[in-house]
Amino acid sequence: MISLIKDFVQSRPAWSVVLVWYLRAMAVLLLGGGLIHWARIIGIVPWRGAWFWDMPVEWQAATVFFAVLDLVAAIGLWLTVSWGAVMWLFRALTQVVMHSAFSDVFGRRPYEIAFYLLTIALYLILLYLTEREQRR
């Protein structure tokens, strides 16, 4: 039994590899989100039944902001460069602030806020485990 546990622990990928997989998974999500935002801007996909030019100005600004930021952060995360993680964290925290502090304008979305906070927490845990593994 103990040898099975040792084999399992020795055969798992390094935490740095898991972190890279996680960052690339986040990059794919951001790429999809960025493409959806651009589809709204150019008039392919409506947002809640309204086209981009019919949206309130604050939603138009948020859509353009996230259309650019999502794609930039996705590239940075895919390349696993430090600025990619910074852009992604900035993007996620901006979304949390939008739907909490400015919920009267952008609406309250507790599930979305929880998702972003959970992804940030998971990133920080993986980053800690990677750093701890590299110190050994």
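Per chain, the residues get numbers from 1 upward, laid out in the order the sequence is written. Only residues with pLDDT of at least 70 get local features here, since the model is predicted, and only at 80 or more are side-chain atom pairs given and counted; chain-wide, interface and lining totals rely on the full set of residues. Only hydrogens and water are removed before side-chain values are computed, so all heavy atoms of the structure are retained for them.

## Some words on unusual backbone geometry
Argument step 1. For Arg48, which is not a glycine, the phi torsion comes out positive at approximately 50°.
Argument step 2. Tracing the backbone shows Arg48 in the loop between α2 (15-41) and α3 (57-78).
Argument step 3. To sort residues, take the accessible area from a 1.4 Å probe on protein chains only and compare it with the maximum for the residue type: under 20% means buried, over 50% means exposed, and anything in between is partly exposed. You can call Arg48 exposed: its relative accessible area is 58%.
Argument step 4. With phi around 55°, Thr80 is a residue other than glycine that occupies positive phi space.
Argument step 5. Locating Thr80 in the fold gives a position in the loop between α3 and α4 (82-100).
Argument step 6. Since its relative accessible area comes to 35%, Thr80 is described here as partly exposed. Labels follow the DSSP assignment, with helices taken as runs of H or I lasting at least four residues and strands as runs of E lasting at least two, numbered in each case from the N terminus.

## Considering helix α6 (residues 110-135)
Argument step 1. Compared with the 38 Å implied by 1.5 Å per residue over 26 residues, the 37 Å span of α6 between its first and last C-alpha is a close match.
Argument step 2. Inspection of α6 places Glu112, Ile113, Tyr116, Thr119, Ile120, Tyr123, Leu126, Leu129 and Thr130 among the buried residues, and these make up the whole buried set.
Argument step 3. By the convention used here, residues are in contact when the closest approach between their heavy atoms is within 4.5 Å. Of the surrounding secondary structure, the elements contacted by the buried residues of α6 are α2 and α4. Expected span, for any helix, means 1.5 Å times one less than how many residues it has.

## Here we look at the pattern of salt bridges
Argument step 1. Salt bridge, as used here, is a side-chain nitrogen of Lys or Arg placed within 4 Å of a carboxyl oxygen of Asp or Glu. Tallying each qualifying case throughout the model produces 2 salt bridges.
Argument step 2. Measuring nitrogen to oxygen at the nearest pair gives 3.2 Å for the salt bridge that ties Glu112 to Arg109.

## Some details on a nonpolar patch on the surface
Argument step 1. Taken together, the side chains of Val28, Trp38, Ile42, Ile44, Val45, Val64, Val68, Val72, Ile75, Trp78, Leu79 and Trp83 make up a nonpolar region of the molecular surface, amounting to roughly 1,100 Å² of accessible area.
Argument step 2. Of all the secondary-structure elements, those providing two or more residues to the nonpolar patch are α2 and α3.
Argument step 3. Broken down by element, the nonpolar patch gets its largest block of residues, 5 residues, from α3.
Argument step 4. Within the fold, Trp78 resides in helix α3.
Argument step 5. Relative accessible area serves as the criterion here: at 42%, Trp78 is assigned to the partly exposed category. Here, patches come from residues exposed beyond 30% relative accessible area and free of salt bridges, joined within 9 Å for like charges and within 5 Å for nonpolar side chains (Val, Leu, Ile, Met, Phe, Trp, Tyr). The Shrake-Rupley method, run with a 1.4 Å probe, gives the accessible areas here. Residue values count only the displayed protein chains as cover.

## Considering the environment of Leu124
Argument step 1. Relative to the assigned elements, Leu124 resides in helix α6.
Argument step 2. The class of Leu124 is partly exposed, set by a relative accessible area of 49%.
Argument step 3. Along the backbone, Leu124 and Leu77 are 47 residues apart, and their C-alpha atoms lie at a distance of 14 Å.

## Structural notes on the packing of α3 against α4
Argument step 1. Throughout, an axis means a line fitted to C-alpha atoms (over the contacting stretch in the case of helices), and angles, computed between N-to-C directions, take values from 0 to 180 degrees. Close contact between α3 and α4 brings their axes to 8 Å; oriented N to C, the two are set at 150°. One element, α3, and the other, α4, form an angle in the roughly antiparallel class. When the axes of α3 and α4 are compared, the crossing they make is left-handed. Between α3, through Trp59, Ala62, Phe65, Phe66, Leu69, Asp70, Val72, Ala73, Ile75, Gly76 and Leu77, and α4, the contact on the second element is made entirely by Trp83, Gly84, Ala85, Met87, Trp88, Phe90, Arg91, Thr94, Gln95, Met98 and His99. Any angle that falls under 35 degrees is termed roughly parallel, while one over 145 is termed roughly antiparallel, one within 65 to 115 roughly perpendicular, and all others oblique. Crossing handedness follows the turn of the near helix against the far one: under a right angle anticlockwise gives a left-handed crossing, and clockwise gives a right-handed one.

## Examining the environment of Ile120
Argument step 1. In this structure, Ile120 sits in helix α6.
Argument step 2. Assessed through its relative accessible area of 11%, Ile120 is described here as buried.
Argument step 3. With 31 residues separating them in the primary sequence, Ile120 and Leu89 have C-alpha atoms 7.2 Å apart.
Argument step 4. Aside from chain neighbours lying at most four places away, what touches Ile120 is Trp88, Leu89, Ala92 and Leu93.

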